[in-house]
There are 4 protein chains.
Amino acid sequence: MSTGRLEAFSDGVLAIVITVMVLELKPPDGEDWHALFHTSGLGLLTYILSFVYVGIYWNNHHHLFQLVDHVDGAVLWANLHLLFWLSLYPFTTSWLDESRIAEVPTIVYGVNLLGAAIAYFILQRSIRHTPSGDRAAAALGSDLKGKISPVLYIAGILLALWEPVVGIAPMVVVAAMWLVPDRRVERFLAAERDAQAG
Amino acid sequence: MSTGRLEAFSDGVLAIVITVMVLELKPPDGEDWHALFHTSGLGLLTYILSFVYVGIYWNNHHHLFQLVDHVDGAVLWANLHLLFWLSLYPFTTSWLDESRIAEVPTIVYGVNLLGAAIAYFILQRSIRHTPSGDRAAAALGSDLKGKISPVLYIAGILLALWEPVVGIAPMVVVAAMWLVPDRRVERFLAAERDAQAG
Amino acid sequence: MSTGRLEAFSDGVLAIVITVMVLELKPPDGEDWHALFHTSGLGLLTYILSFVYVGIYWNNHHHLFQLVDHVDGAVLWANLHLLFWLSLYPFTTSWLDESRIAEVPTIVYGVNLLGAAIAYFILQRSIRHTPSGDRAAAALGSDLKGKISPVLYIAGILLALWEPVVGIAPMVVVAAMWLVPDRRVERFLAAERDAQAG
Amino acid sequence: MSTGRLEAFSDGVLAIVITVMVLELKPPDGEDWHALFHTSGLGLLTYILSFVYVGIYWNNHHHLFQLVDHVDGAVLWANLHLLFWLSLYPFTTSWLDESRIAEVPTIVYGVNLLGAAIAYFILQRSIRHTPSGDRAAAALGSDLKGKISPVLYIAGILLALWEPVVGIAPMVVVAAMWLVPDRRVERFLAAERDAQAG
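About the cut-offs
- Residues numbered from 1 in each chain as written.
- Chains lettered and ligands numbered in written order.
- Predicted model: local features only at pLDDT ≥ 70, side-chain atom pairs only at ≥ 80, totals over all residues.
- Heavy atoms only, no water.
- Helix = DSSP H or I, 4+ residues; strand = E, 2+ residues; numbered from the N terminus.
- Buried < 20%, exposed > 50% of the residue type's maximum accessible area, 1.4 Å probe, protein only.
- Contact = heavy atoms within 4.5 Å.
- Areas by Shrake-Rupley, 256 points an atom, 1.4 Å probe, with all protein chains shown as cover.
- Lys, Arg positive; Asp, Glu negative; His and termini not counted.
- Charge placed at Lys NZ, Arg CZ, Asp CG, Glu CD.
- Buried area = accessible area lost by both parts, 1.4 Å probe.
- Salt bridge = Lys/Arg side-chain N within 4 Å of Asp/Glu carboxyl O.
- Polar contact = N/O pair within 3.5 Å; in protein donor to acceptor, adjacent residues only side chain to side chain.
- Nonpolar A, V, L, I, M, F, W, Y, C, P; charged D, E, K, R; others polar.
- UniProt positions renumbered as here; feature names shortened; annotations may be inferred.
- Least-squares fit on C-alpha atoms with pLDDT ≥ 70 in both.
- 1 Å grid on protein atoms, 1.4 Å probe; cavity = no way out; pocket = protein on both sides within 12 Å on 5 of 7 lines; lining within 4 Å.
- Points joined across faces, edges and corners; volume = space filled by probe spheres on them.
- Axes fitted to C-alpha atoms, helices over the stretch in contact; angles between N-to-C directions.
- Parallel < 35°, antiparallel > 145°, perpendicular 65-115°, else oblique.
- Phe/Tyr/Trp six-rings, centres within 6.5 Å; stacked < 30°, edge-to-face > 60°.

Asker: Describe the overall build of chain A, with residues and values.
Answerer: From N to C terminus, chain A includes nine helices and zero strands. Judged by the C-alpha coordinates and their principal axes, chain A covers about 65 × 30 × 30 Å. Split into buried and exposed, the 198 residues of chain A put 61% on the buried side. Relative to all contacts within chain A whose residues are 6 or more apart in sequence, the contacts with residues 24 or more apart total 80%. On chain A, roughly 7,700 Å² of surface is accessible, and the fraction owed to carbon and sulfur atoms is 66%. Charge-centre separation for chain A: the mean point of 12 positive side chains lies 10 Å from the mean point of 18 negative side chains.

Asker: Let's hear about the interface of chain A and chain D: which residues, and what values?
Answerer: Tallying the contact residues gives 36 residues for chain A and 33 residues for chain D. For the pairing of chain A and chain D, the buried interface totals around 3,100 Å² over both sides, and the portion due to carbon and sulfur atoms is 74%. Remark: the boundary between chain A and chain D carries two salt bridges. With a shortest N-O distance of 3.4 Å, A:Glu7 and D:Arg5 are connected by a salt bridge. Taken together, the connections running from chain A to chain D amount to five residue pairs in polar contact (both at pLDDT 80 or more).

Asker: Could you give an account of the interface of chain B and chain A, naming the residues involved and the relevant values?
Answerer: Facing the 36 residues of chain B at the interface are 33 residues of chain A. With both sides pooled, the region where chain B packs onto chain A buries about 3,100 Å², and carbon together with sulfur makes up 74% of that total. Taken together, chain B and chain A are joined by two salt bridges. Taken together, the links from chain B to chain A amount to five residue pairs in polar contact (both at pLDDT 80 or more). Elements supplying a minimum of two residues to the side of chain B that touches chain A: helix H1 (4-20) and helix H2 (33-66) of chain B. Among the elements that line the side of chain B that touches chain A, the one with the most residues is H2(B), at 17 residues. When its residues are assigned to classes, the side of chain B that touches chain A shows 20 nonpolar, 10 polar and six charged.

Asker: Explain the UniProt feature "transmembrane region" (unreviewed entry) in chain A to me, and be specific about the residues and the numbers.
Answerer: Under the UniProt annotation, "transmembrane region" (unreviewed entry) lies at residues 35-54, 74-92, 104-123 and 151-180 of chain A. Helix makes up 100% of residues 104-123 of chain A and strand 0%, whereas the separation of the span's terminal C-alpha atoms amounts to 28 Å.

Asker: Let's hear about the relation of the copies chain B and chain A: which residues, and what values?
Answerer: Both copies of the chain are related by a screw-like operation: a rotation about an axis and a shift along it. Once chain B is rotated about the relating axis by 90 degrees and shifted along it by 0.0 Å, it coincides with chain A to within an RMSD of 0.0 Å. Classification of the inter-copy transformation places it as that of a four-fold axis. Looking at the rotation axis and the C-alpha trace of chain B, the residue lying nearest is B:Gly12, at 4.3 Å. Little of the interface of chain B is mirrored in chain A: 6% of its interface residues are interface residues there too.

Asker: Could you give me a rundown of the layout of surface pockets, with the residues and numbers involved?
Answerer: By volume, the largest pocket amounts to about 1,500 Å³. As for the largest pocket, its lining consists of 43 residues, and the residues nearest its centre are A:Lys26, B:Lys26, C:Leu23, C:Lys26 and D:Lys26. At the level of secondary structure, the elements contributing two or more residues to the lining of the largest pocket comprise helix H2 (33-65) and helix H4 (89-98) of chain A, H2 and helix H4 (89-98) of chain B, helix H2 (33-65) and helix H4 (89-98) of chain C together with helix H2 (33-65) and helix H4 (89-98) of chain D. Considered class by class, the residues forming the lining of the largest pocket number 12 nonpolar, 12 polar and 19 charged. Its volume calculated, the second largest pocket comes out at about 800 Å³. Lining the second largest pocket are 38 residues, and of these A:Ala8, B:Ala8, C:Ala8, D:Ala8 and D:Asp11 lie nearest its centre.

Asker: Residue-level account of the packing of H2(A) against helix H3 (residues 73-87) of chain A, with values.
Answerer: Residue and element names in this part refer to chain A. The contact between H2 and H3 brings their axes to 13 Å, and the two run at 170 degrees. With respect to their mutual orientation, H2 and H3 come out roughly antiparallel. Contact with H2, carried on its side by Tyr-57, His-61 and Phe-65, involves Val-75, Asn-79, Leu-82 and Leu-86 of H3 and no other residues of that element. Residue composition of the contact of H2 with H3, by class: five nonpolar, two polar and no charged.

Asker: I'd like a description of the packing of aromatic side chains, backed by residues and values.
Answerer: What characterises a pair of aromatic rings is the spacing of the ring centres plus the angle enclosed by the ring planes. Residues and elements named next belong to chain D. Applying the stated rule across the entire model yields 36 aromatic pairs over all chains. Arranged with centres 6.3 Å apart and planes meeting at 20 degrees, the rings of Trp-33 and Phe-37 form a pair that is stacked. Pair noted here: Trp-33 and Phe-37 are both in helix H2, with a separation of four residues, about one helical turn. Assessed through its relative accessible area of 38%, Trp-33 is described here as partly exposed. The exposure class assigned to Phe-37 is exposed, which follows from its relative accessible area of 55%.

Asker: Give me the environment of B:Gly167: which residues, what numbers.
Answerer: Residue and element names in this part refer to chain B. Its location among the elements puts Gly-167 in helix H8 (residues 164-179). In sequence terms Gly-167 and Leu-189 are 22 residues apart; their C-alpha atoms lie 38 Å from each other. In this structure Gly-167 touches Gly-156, Leu-159 and Ala-160, once residues within four positions along its chain are discounted.

Asker: Break down the pattern of salt bridges for me, with residues and values.
Answerer: Using the criterion set out here, one finds eight salt bridges over all chains in the structure. With its nearest N and O atoms 2.8 Å apart, the salt bridge here joins D:Asp11 to C:Arg5. In this pair, D:Asp11 is assigned in helix H1 (residues 4-20) and C:Arg5 in helix H1 (residues 4-20), connecting two distinct chains. The class of C:Arg5 is buried, set by a relative accessible area of 7%. Through salt bridges with shared partners, a single network forms among A:Arg5, B:Glu7 and B:Asp11.

Asker: Explain the arrangement of the chains to me, using residue names and the numbers behind them.
Answerer: Spatially, chain A is disjoint from chain C: no contact exists, and the shortest C-alpha separation is 9 Å. Regarding chain B and chain D, the two do not touch, and the least distance separating their C-alpha atoms is 9 Å.

Asker: Could you give an account of the environment of B:Pro164, naming the residues involved and the relevant values?
Answerer: All names here are of chain B. Among the structural elements, Pro-164 can be located in helix H8. A relative accessible area of 13% means that Pro-164 is categorised as buried. Sequence separation between Pro-164 and Tyr-53 is 111 residues; the distance between their C-alpha atoms is 19 Å. Residues contacting Pro-164, with those up to four places away along its chain left out, are Ile-101, Ala-102, Glu-103 and Thr-106.

As structure tokens, this is what we get:
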């Protein structure tokens, strides 16, 4: 199967996830700055964090599937598994916000992030068994960021047991780390073009 | 008519159905594990079940339309009929969850699943009258799973009359049965390629 | 400009409109058949009516843009104007349902249908000024259904002044009339192919 | 990277933003014209304003990416940054409406419009560093409207400090200004075709 519909469906789900989170942001109970910051301030911050996360996954998904020509049934399900974890972001973000970053909601948010990271790892694995697998593996290389991220999520979960707000810190670090544009795939494709031309 | 927009529109509707169900999941009324499991635990389980169902329909729809080149007005409406039943999932799932799996909501959920299965059957039939109909019929074969599924839904509906939670069991079995990747279409397309090459 | 993104964006908006109406359907207040029919029965009926309407517009839009190769800025805005009226369906459908088909909500629903019909007419007109305009005009012919529909909507609005439920009748007739597959475009494209081949 | 998925994802997000705003429109509390105008009248007006804004951004985005063949990671993030500001429209529009155009919500709405305008400016800048950059720069020319808009938003924000409803006026002017179809890109592409043909 070609990847056209898998990409279109994933784009649809990610576009909805990234947008409906704003529906959980209730308009402030009042008409002044205090109402905005008090009622919606934290909601806006957690919205930005989750928006960046979904943006990162969309970016990485976009890069990953540039390396893939054909997919099989296993990749379709691995992709749906990733979308499942991402679809929970509005739910866990909303709880994190409503509880004003209490212990258990912070842990659950971290578990959600960790689940998505593991699902992305499984998706990459499932692609290695397709005809384009070797090419994808070569382009992605050692995937250092992909290996550090789960460690930081687990650190965040453990720190949240001690002090929830501190537990958010490593999660913000992961987001910041991935915001730096990742040129692996672009460089690999450019090198491939050069090799073909040379 | 080519199938491009039919597939794009279906991807859009399915992406929304699979995602908005999470909007029905209210954040827990409290900040601890007990609140999560008590308020949202069952909601998460029914969400997973309906997510898997929509995922299965997307998968099957994706496979089916790889066999089809052109569609007519009848196929467009048969497809909209399928999307109608799938669009009710957030409603019936939400009632099932809020009633904590009471008798009538379980029956209604089963009728919703049955309606979607019948609509999918009608969609396959409507495709047989298009130019690609024979090819689709050959690839799909006897469609054993497609014939067992409605029987299991009806069994679930009848069992729900006796004990609702037991009625959910055959519905979970159908989902599990379809999770096993279905290689009919992939094999058919591979055999076709081999025959052309040979 | 090619029509690709106009079609994709319209598919997105229509997919969302057709799906979010189900979010307005609140789960029944109770666990039995009476609760389902009393709380949600009318909501399901109005949902079906609006679902069919959006389905008809998607179908017609799909047929129309098969005749069009290039669009200009005026067509983009005429299309957005149509999407605006269709985007109001969840709002007017929801009021119609909550008021249990009272007079003013029925009139407003009729005005919404009428607004979409006029916007569709303007969209067809705006296409006549594009390079594919003559071809589209030839394929659409006298557009009898398109001319009867607004008359029936106005009849429905006037009847609603006397008895709201009776006012719904002509609106249902319009929906039924368009459900009959419209083969104008398919026949035109087939004749065009024959002429080129002959 | 080609622009296909960037355009598809943006179409998805914009389609959702433009549609979900209608979900914030609560059905009127009552069944008569007074209820409609009193409860929902202002909501409909602010909905129309924000609908037009999202429509303008979709139109401009559509024109802009006709000039671009390849994008890099920086453009992906600049585009996500624009989508972030646009995704806040349902939130700020809803607050503007619920406060019945109070001072702070009007300022926040203006800041949201200004943020989107700045993000669009950054997106255009980021495109100049891609291989199609010179072509895009030539087609967009001096971008007078793009430079006047932020000035008018700031005027609106300042006027809102004095009288909120007056502050809305310059924002409506910007929307009206952009509604006039912008033929720069169409003319540029036509001239380019003529040059190639000549």
